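Coordinate analysis (summary)
Spelled out from the first residue to the last, the chains are:
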Amino acid sequence: MLRFFAKYKFFAIVLFILSAIIISIIYSILKPKRVLKVYEPDMVSLELVDSTVQHVRKYHKIADFNLLNQNGEKVTQANYENKIYVADFFFTTCQTICPIMTDHMKLIQGRLKNDPDIKLLSHTVIPETDGVPQLKEYAIRKGVDDARWNLVTGDKKHIYDLARKSYLVAKSNGDGGPYDMIHTENFVLVDKKKRIRGFYDGTDLEEIERLLEDIEVLKNEGLK
């Protein structure tokens, strides 16, 4: 018996390896690739969505914008054309969740520093005090890479509309006045077609890891 096994030992090893390879190939073919959902306004909590778009179930996209960044340069959709990007809302004097969110944005910046297809976009919710000089000082202090990450300011009503009608991440039903917009901790993942593909708690490191994984899913989706 031992002689029999010794005689066919090599054949058995080869057969085992081939079987493992075949099973692996079959599994990879049958296993569905993970695809991120496309978020529409009617899928998001009503308190975060402007009443004018709460009914939308298809074709929601981030609206065009015209803002200024930390260098006083105009930032529009053209700056994010054919890019995957992460967006959030903050203000420079915030002492609660914003510092954590900014640190996590910087972590994303560092982890993806060699990937030119990924950018970041942070909107101030109090542009009346967060002008260009304030944003520039904040950007330097926080280690913002100007080529990858825009901190933007502009007309309050315009930013308010972006938060509630496009990114779907701000509470309140105000009119864009000085105290009516309450930003959330959400990071928003936007694909190359300007669609929302994910929401993440920007204060939670595990959520940041999930966001980074989802970015890879989106990149692979673009290779199809």
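Since we're looking at a predicted model, the values are computed, not measured. (Residues numbered from 1 in each chain as written. Predicted model: local features only at pLDDT ≥ 70, side-chain atom pairs only at ≥ 80, totals over all residues. Heavy atoms only, no water.)

So, the sheet that holds strand β8 (residues 186-190)
Selection rule: When DSSP locates at least two bridges between a pair of strands, those strands are taken to pair. Starting at the N terminus, helices and strands are each numbered in turn, a helix being any DSSP run of H or I of at least four residues and a strand any DSSP run of E of at least two. All axes are obtained by fitting lines to C-alpha atoms, using only the stretch in contact for helices, and the reported angles, taken between N-to-C directions, cover 0 to 180 degrees. Here, two residues are considered to be in contact whenever any of their heavy atoms come within 4.5 Å of each other.
Read across the open sheet, the five strands follow the order β5-β4-β3-β8-β9; overall the sheet is mixed. The sheet is open, and its two edges are formed by β5 (149-152) and β9 (196-201), each paired on a single side. With direction set aside, neighbouring strand axes in the sheet form an average angle of 20°. Packing of helix α4 (residues 132-142) onto the sheet brings it into contact with β3 (84-90) and β5, and relative to β5 it is tilted by some 145°.

Topic: helix α6 (residues 205-221)
How we decide: One less than the number of residues in a helix, times 1.5 Å, gives the span that helix is expected to have. Note on classification: 1.4 Å probe, protein chains only; a residue is buried when its accessible area is under 20% of the maximum for its type, exposed when over 50%, partly exposed between these limits. For the purposes of these results, a polar contact is taken to be a pair of N or O atoms within 3.5 Å, where, inside protein, one atom must be able to donate a hydrogen and its partner to accept one; residues adjacent in sequence count only when each atom of the pair is a side-chain atom.
Compared with the 24 Å implied by 1.5 Å per residue over 17 residues, the 24 Å span of α6 between its first and last C-alpha is a close match. Buried within α6 we find Glu207, Ile208, Leu211, Leu212, Asp214, Ile215, Val217 and Leu218. Lining the buried residues of α6 we find β3, α3 (98-111), β4 (118-124), β8 and β9. The opening residue of α6, the one whose side-chain oxygen lies 2.9 Å from the backbone nitrogen of Glu206, is Asp204.

Structural notes on the pairing of β3
Stated precisely, the cut-off is as follows: By the criterion used throughout, a crossover qualifies as right-handed when its path from the first strand across the helix to the second strand runs clockwise, the strands pointing away from the viewer.
The buried count for β3 comes to seven of seven residues, which makes it a mostly enclosed element. Every second residue of β3 is oriented toward a common face, with Ile84, Val86, Asp88 and Phe90 on one face and Tyr85, Ala87 and Phe89 on the other, all of them buried. The sheet contact formed by β3 and β4 spans seven bridges and is parallel. Along β4, the bridge assignment pairs Asp88 with Ser122. Between the parallel pair β3 and β4, the chain is carried across by α3, and the sense of this crossover is right-handed. Of the pairings in the sheet, the one linking β3 to β8 comprises three bridges and is antiparallel in character. Along β8, the bridge assignment pairs Ala87 with Val188.

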